[in-house]
Every structure is written in C-alpha cells, then in structure tokens.
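Remarks on the overall topology
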Amino acid sequence: MTDIEVVNNTGAHRYEARVHGRVAGFAQYQLTDELIVFTHTEVEGEFEGQGVGGALVRWALDDVRALGLRRVLPLCPFVKAWIGRHRDYRDLVYHAPSSTARD
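Residues numbered from 1 in each chain as written. Predicted model: local features only at pLDDT ≥ 70, side-chain atom pairs only at ≥ 80, totals over all residues. Heavy atoms only, no water.

Thoughts on the environment of His13
- Along the chain, His13 turns up in the loop between β1 (4-9) and β2 (14-19).
- Distance in space between the C-alpha atoms of His13 and Ala55 is 18 Å, their sequence separation being 42 residues.
- Those residues in contact with His13, other than ones at most four positions away along the chain, are Ala27, Gln28 and Tyr29.
- Of the polar contacts made by the side chain of His13, one reaches the backbone oxygen of Thr10; its length is 2.9 Å. (Helix = DSSP H or I, 4+ residues; strand = E, 2+ residues; numbered from the N terminus. Contact = heavy atoms within 4.5 Å. Polar contact = N/O pair within 3.5 Å; in protein donor to acceptor, adjacent residues only side chain to side chain.)

Have a look at this one:
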C-alpha cells in the first residue's frame, strides 16, 4: 500500500497511520521517564493485510530511536512479533534485570 502517513498523536498517546487523511490504524502507548510501553495496536478491517500495521510500527520505532530518550517495552503482541521479525530493532527493547526474588 502506498500513501501511508504516520504521525505521533501525543495528545491521544498513540501513533496513527493515516491513508488519504483517514486513520487506518494506531499503536497506543504509555510513557515513563525511561520507557515507551506499546500496549495495543489496531488496524481498521478495510486496511488489514495492506502493510499498514508494519509501516506504523516501523515509523514509531524509528521515531523512538531518533529521539533517543526511551527504551521500548512491547506489551502489545503485534509490536512484539514485529520486532521479533526485524532484528535491527531489537536494540531498542528494554530488558528487565534478572529477578532477585526468592521463595
């Protein structure tokens, strides 16, 4: 699919993919001082299978990388799977330290 525009709608805490001015999909996030936590991604039915979700996630992660302020915590299964298929984005992922909890 061509003509996918992605913007960071900071007021709504989500990246939005727009096709011909219409929101075709979004990736919802929450921010902490150190993390951007992707919680949910959704693509409108009529745009599924047309590359909207992939373009959306790629643009969002490129934006996170360019800003250089936060690590990514992909709680959203779509974002997590996308990163799993694109090794060059794994360096953005936050890795929790090993637990020191004991029984």
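Observations regarding the nonpolar core
- In terms of nonpolar packing, the biggest core is built from 25 residues, with Tyr15, Ile36, Phe38, Val52, Leu61, Val72 and Ile83 touching the most fellow members.
- Elements that contribute at least two residues to this core include exactly β2, β3 (22-31), β4 (35-43), α1 (52-67) and α2 (77-85).
- Each residue touching Ile36, except ones within four places of it in the same chain, is listed here: Tyr15, Tyr29, Gln30, Leu31, Val64, Arg70, Arg71, Val72 and Leu73. (Core = buried A, V, L, I, M, F, W, Y, C linked by side-chain atoms within 4.5 Å. Buried < 20%, exposed > 50% of the residue type's maximum accessible area, 1.4 Å probe, protein only.)

A closer look at the pattern of salt bridges
- Scanning all chains against the criterion turns up four salt bridges.
- A salt bridge links Glu16 to Arg14; the shortest N-O distance between them is 2.8 Å. Here the two residues Glu16 and Arg14 agree in accessibility, since each one is buried.
- Here Arg22 makes a salt bridge to Glu46, at a shortest N to O gap of 3.0 Å. Remark: Glu46 occurs in the loop between β4 and α1 and Arg22 occurs in strand β3; sequence separation between them is 24 residues.
- Judged by its relative accessible area of 42%, Arg22 is partly exposed.
- A single salt-bridge network, built from bridges that share partners, covers Arg14, Glu16 and Arg18. (Salt bridge = Lys/Arg side-chain N within 4 Å of Asp/Glu carboxyl O.)

Brief notes about the packing of aromatic side chains
- Within the structure shown, the criterion is met by five aromatic pairs.
- Seen in terms of ring centroids, Tyr29 and Phe38 are 6.3 Å apart; in terms of plane orientation they differ by 70°. Their pairing is edge-to-face.
- Tyr29 sits in the buried class, given a relative accessible area of 4%.
- Accessibility expressed as a relative area gives 2% for Phe38, which makes it buried.
- Ring centres 5.1 Å apart and planes at 65° place the aromatic pair Trp82 and Tyr89 in the edge-to-face group. Take Trp82 and Tyr89: they sit in the same class, and that class is buried.
- Taken together, the ring pairs in this structure connect Tyr15, Tyr29, Phe38 and Trp59 into an aromatic cluster. (Phe/Tyr/Trp six-rings, centres within 6.5 Å; stacked < 30°, edge-to-face > 60°.)

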